Structures are given as structure tokens and as C-alpha cells.
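Residue-level structure breakdown
Chain residues, written in single-letter form:
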Amino acid sequence: MDVILVAIEHVDGAPRRGSLELLSAARALAGAEPVTAAVVADAGVADAVAPFADRVLLLEGDGLRAPNHERRTAALAAAAREAGATLVLMAAGRSGQAVAPRLAVRLGGSLLEDVAGLRRDGGAWLGERLAYLSRAVLTVRSEATIAIATVKAGTYPAPAAAGGRGEVRRVPIASVVGDDLARPGERRAAGRGRVALEEAEVVVCGGRGVGSAEAFEALVVGLADDLGAAVAATRAAVDAGWRPYAEQVGQTGKSVSPRLYLAVGVSGAVQHVSGMNRSGTVVAINKDPEAPLFQLADYAVVGDVHAVVPALRSALAGMD
Amino acid sequence: MIIVTYVKHVPDAEARLSTEGGRIAVDGASFALDGMDEYGVEQAVRWKEAGIAREVVAVALGPAAAETALRTALALGADRAVLIETDDDLDPVAQATPLADAVRRAGADVLFVGGKQADWDSAALGPAVAEALGWPLCDWAIELRVEGTTLEAVHDVDDGVEAWSAPLPAVVTTQQGLNEPRYPTLPNIMKAKRKPFEHVALAGVAARTSTLAAALPSRARRGVRLEGDPAAVAADLVRRLRDEAKAL
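Residue positions within a chain follow its written sequence, with the count starting from 1. Lettering for chains starts from A, numbering for ligands starts from 1, and both go in the order in which the items are written. Totals for whole chains, interfaces and linings use every residue, but because this is a predicted model, local features are given only for residues with pLDDT of at least 70 and side-chain atom pairs only at 80 or more, for both listing and counting. Computation of side-chain values covers all heavy atoms of the structure but excludes hydrogens and water.

Quick look at the overall build of chain A now. Where helices and strands are cited, they refer to DSSP runs of H or I of at least four residues and of E of at least two residues respectively, numbered from the N terminus. Summing up its helical and strand segments, chain A has eight helices and 17 strands in all. What you see for chain A is a C-alpha radius of gyration of 21 Å, in line with the 20 Å of a compact globule of 320 residues. In terms of overall dimensions, chain A has C-alpha extents of about 60 × 45 × 40 Å along its principal axes. Only protein chains enter the calculation, and the probe is 1.4 Å; a residue is then buried if its accessible area is under 20% of its type maximum, exposed if over 50%, and partly exposed in between. In chain A, buried positions account for 60% of the 320 residues. Contacts between residues were defined by any pair of non-hydrogen atoms, one from each residue, lying within 4.5 Å. A separation of at least 24 residues holds for 63% of the contacts in chain A among residues at least 6 apart in sequence. Residue exposure ignores everything except the shown protein chains as possible cover, and the areas themselves are Shrake-Rupley values with a 1.4 Å probe. Approximately 11600 Å² of chain A is accessible, and the part contributed by carbon and sulfur atoms is 50%. If the 33 positive side-chain charges of chain A are averaged to one point and the 35 negative ones to another, these points end up 3 Å apart. The atom set for the radius of gyration is the C-alpha atoms, and the globule formula is 2.2 Å times the number of residues raised to the power 0.38. His is not counted here, nor are the chain ends, while Lys and Arg score as positive and Asp and Glu score as negative. Where a charge lies is defined by one atom per residue type: Lys uses NZ, Arg uses CZ, Asp uses CG and Glu uses CD.

Attention now goes to the interface of chain B and chain A. In this assembly, 81 residues from chain B lie in contact with 89 residues from chain A. A simple way to read buried area is as the amount of 1.4 Å-probe accessible surface that goes missing from two parts once joined, with both sides added. Taken over both partners, the interface formed by chain B and chain A buries close to 7100 Å², and the fraction arising from carbon and sulfur atoms is 54%. Per-residue buried area on chain B facing chain A is highest for D158, Q176 and R221 of chain B; these three make up 11% of the total on that side. The shortest N-O distance in the salt bridge between R187 of chain A and E162 of chain B comes to 3.1 Å. Under this definition, polar contacts are N or O atom pairs within 3.5 Å; protein pairs additionally need one hydrogen-donor-capable and one acceptor-capable atom, and for neighbouring residues in sequence, both atoms have to be side-chain atoms. Run the count over chain B and chain A and you get 46 residue pairs in polar contact (both at pLDDT 80 or more). Among the elements that take part in the side of chain B that touches chain A, helix α6 (residues 230-244) of chain B stands out by supplying 11 residues, more than any other. Each residue belonging to the side of chain B that touches chain A can be placed in one class, and the counts come to 49 nonpolar, 11 polar and 21 charged. Relative to strand β15 (residues 224-227) of chain B, strand β17 (residues 299-302) of chain A runs parallel, the two being bridged by four bridges. Across the sheet, residue V301 of chain A finds its bridge partner in β15 of chain B, namely L226 of chain B. One speaks of a salt bridge when a side-chain nitrogen belonging to Lys or Arg is within 4 Å of a carboxyl oxygen belonging to Asp or Glu. Any residue outside Ala, Val, Leu, Ile, Met, Phe, Trp, Tyr, Cys, Pro, Asp, Glu, Lys and Arg is labelled polar, Gly included; the first ten of those are nonpolar and the last four are charged. Pairing between strands requires that DSSP locate at least two bridges from one strand to the other.

Listed below in C-alpha cells is the structure:
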């Protein structure tokens, strides 16, 4: 029997979109078996996810209000043991990326990392994941009795109708000396209440061809504002000091798979492409007709970004 | 302070890939030290030069060919190298325990690991080794300094940056922005050949995952090219995004 535990992440008192998608995933994978959600420390979030799960474990204890990776690991390990989980699902953001491997080591399990698609094959969980700078797809099988999977945002739809009312049960988590060593300090948000880059449905990315920090703000950030999109930058734009590292997409930055990806003045180096080639519709705007990204674009707009982007913003404003 | 800095040898980013018996084959590719690991080597060497670190040990786990990446780390300034040698295809979770053993043997206070390995496309190794060691983890560091026995950092999180601190020992995953890695000079490449290099055989470690199949997909794109008057192109693009791609 499979027992699936979904680790819920939350921000500002609400579950993250990626976590809600995991509840859909769990429902689809669990068949008739119950789905358990684990929420760290926030009773409001536990209530918010209860309609989408059969059971909610509300993990409470010292230091769990703003937990570091180590405390989060300890709480989720306790939840996995409590639930008798054979599969733990986590969103593939920065937190899941750091906590899932720890859980796998702590529970003697396996890690199916950053998978887009999970299935049961005989007695084992299989996941599909990218490798070699997103150029290859590997089918990976868990060889352990418990698998921890981090799942890309957008792989599964958000749960539609509430399936019922899950029972919320409080689970006390004892603090362990050592788990409290790392102290997260002040956090500075990347900018203006934007959606997390890795969860955004629309991403506007600027590259070297944008020309300057001022032009980036006017063209790329302006277009992103019009579209309610997240802002991304190439390594060249980050290296030039125009944008923060948190916005970088590519091999050394984040990987995104939005419904719509607009690239402004981005040439399309292989390292950048590895972070965006799973996007839905790709628009590339570049004055260089030979830009490599044009090979990967649904719409290749050959033209000066300083003329095309303002025209595009006007056209969007005129759209009903 | 003793620093262990993990290095991985990975194929060149533009290497030709093919599939062979359910695996990815990297034919004729040149292998090099993973770019993400260079930041850790650089940081360790800078701390050695500043008198903060006493010894810098470069550690790799993999086939004999990983020696190349370790030699690069030595040429960049690491004092000695350890190659934990195996031809087994071990995932990051399986590698965590033998790497943790090597870190303990070296008596290290800090372990640097690249934020993401370019062949695995995986960010799991740093956290997995931190767990095997029972050490705190600072992931995706962009600023680092040591204050007495405390490590102070700024790192990258989902929606911005965050300050971070923990007492040593600790694991740090490194990335672009932490520093500007140097290039090896010819005299240092020559010197690296004489630095201590230890081979440790690894056996009996079971993989936690196995690869069943590999494919090289290419996504079909529309490939529509638009050029000409910006206003006309923009109007056409918006219409196509809305009606054709249904992306607006």
C-alpha cells in the first residue's frame, strides 16, 4: 500500500501554488489510498489545505515558525514516519531542493529530484528528470522503500474542487540540539511582491542586448508589469550588475517552465537555454537575425528591442 | 581551519550527446572541473591566502578520469587532493556517506560544494552531505565571511536574498557571484603535478536510484519569424500569441 505525504510550503500565511499542485499529483497517484499533507507550524495553512487532503499533520514545535532547513527536515522526517509514507512530495523550489536530500539521507530513502512526471512501476516509483544542462531526459527509478520527490512547478494542475474535509491533527516536534545551529537572518525580497520566478506563468527575461540597467527597468520590467509576469535576467545581464542573482535563469541560476517566456535581447547561450527550454510558448526579440535563441522560439522577432518592446507594450494595452 | 572543497569532472557544456543502451553517451567530449565548483575552490584558496585557512583539500568521487578536475583544483591552489575512486553510477544521496567520511578524515571545518552539478543537473549533493555529517547547510551562498568560529553568509532564496549564520563546522554550496575564480597559470599547473594526491578505492555503496532510460528530446517550435515595422510586428505578435498560441 502506498502512503503519500505532501510537504506544504507556505508564504505569507497561504500555501504556495507549487504545493497545491502536489496535492493534485498525490490524489492522482494515490488512487483509493488516502493523501496526507504536512504543514509546518501554521494552523491557518493547515485549514486551507484540509479540503484537498484526507489528513493534515500540523507540525508544531520550537523554532518551526521560521524554520531553517535542518528544523524543517526534522519536522518532515517525523511526519513521514508518523504517516508511514512511501512517497514524500515536495515543491522543487529552493527550500525543497535543500530539505529533500536531507530527508532522503535521514530516512534511508531515495531522491527523485526535480521530476516532471511520476509513476508507479511494479513496486517502484519512477520519475522523469532532465540532466546534462536540460538537454537529456532520464527515467530514474527509486531503489529504496521510501522515495522523496521534488516536483517542478506546473507539472500538475492546482486542485480544482475541494474533495472533502481533511482532519487536522497536531503533531508535536521535539527540538533536537544541532538542528538549531543555522540561523536565517534578515530577508530582502527580490522586488515588489512578484510571484516566485520558478512558479511564474509568464516570464520576461532580459539579456545583454537590452544595453543598460535603465533600459532593463524600462523595457523588461515594464513589459513584465504589463503582463503580471516575473522578471528574469541572463548571466550577462547579472554580471553587468543590472539585475540581482535571484533573477538569473540558466545553468547557474534558476530553471523556469512558464506558459509564456519572452526573451528580450537574449542571444541564447546553451547555459541560458538549459534554464528555460521547458517553457511553453517562447518569444525572442533580438536585432541579430542569427541569434541562437531564434532556433528555439515559437515567435522570432527580428528588430531593435528599444523599438519593438514599446510597440509591444502599446499593442498589449490596446488589446481587449 | 581546514577546508574540503568538492570537485566534479563534467563534460563541456556544448559536448555532443547521444543515447546508448538507455544511457547518455558523451562522445569525445572534453571533461573539466564543474564551473559551480570553481567558486568553492577559489573561496578556499582565498581564505588560505588570507591566513584564515590552514589547509585546502580537494576531494572528488568518481572514475579515474576525475583526476583531471582534481589536478585543476591543485593548480588553482588546493594543497592536496583525494580521489574516492569508483566506476559505479552513484546518485548524490548514495555519495553523501563516503564523502562525509572523507570530510571527517580530513578534519575539515568547512565543506564547499558547487550549488548544482552540470551533468546531473542536481543540487542535492551539498544538502545530502550536510545531513550525513550532521552539519548546518548554507545553500547558494553569494557572500561569505568567518567571524571567529561563526560563518556569516548571504544566500539566495526563492524570492530574494537572506542573511545566514551558523557556528562551524558547516557545509556551503557555492555559485556565481560568490567570487571571481582565477585561472590556473602554467607554473602552478606544473607545481600541481608534485602536490600530494591520494587514491581511495570505494566499494560496497548501493545506489539509491537507477537510470532506466535516457532520451534526447527536441521540442517542436512554431518557428515563426516576424520583422519589419515595429508597430505592425507588435500587433501581429499580440494577435498570434492570443489566437494561435493561446498564450495571453
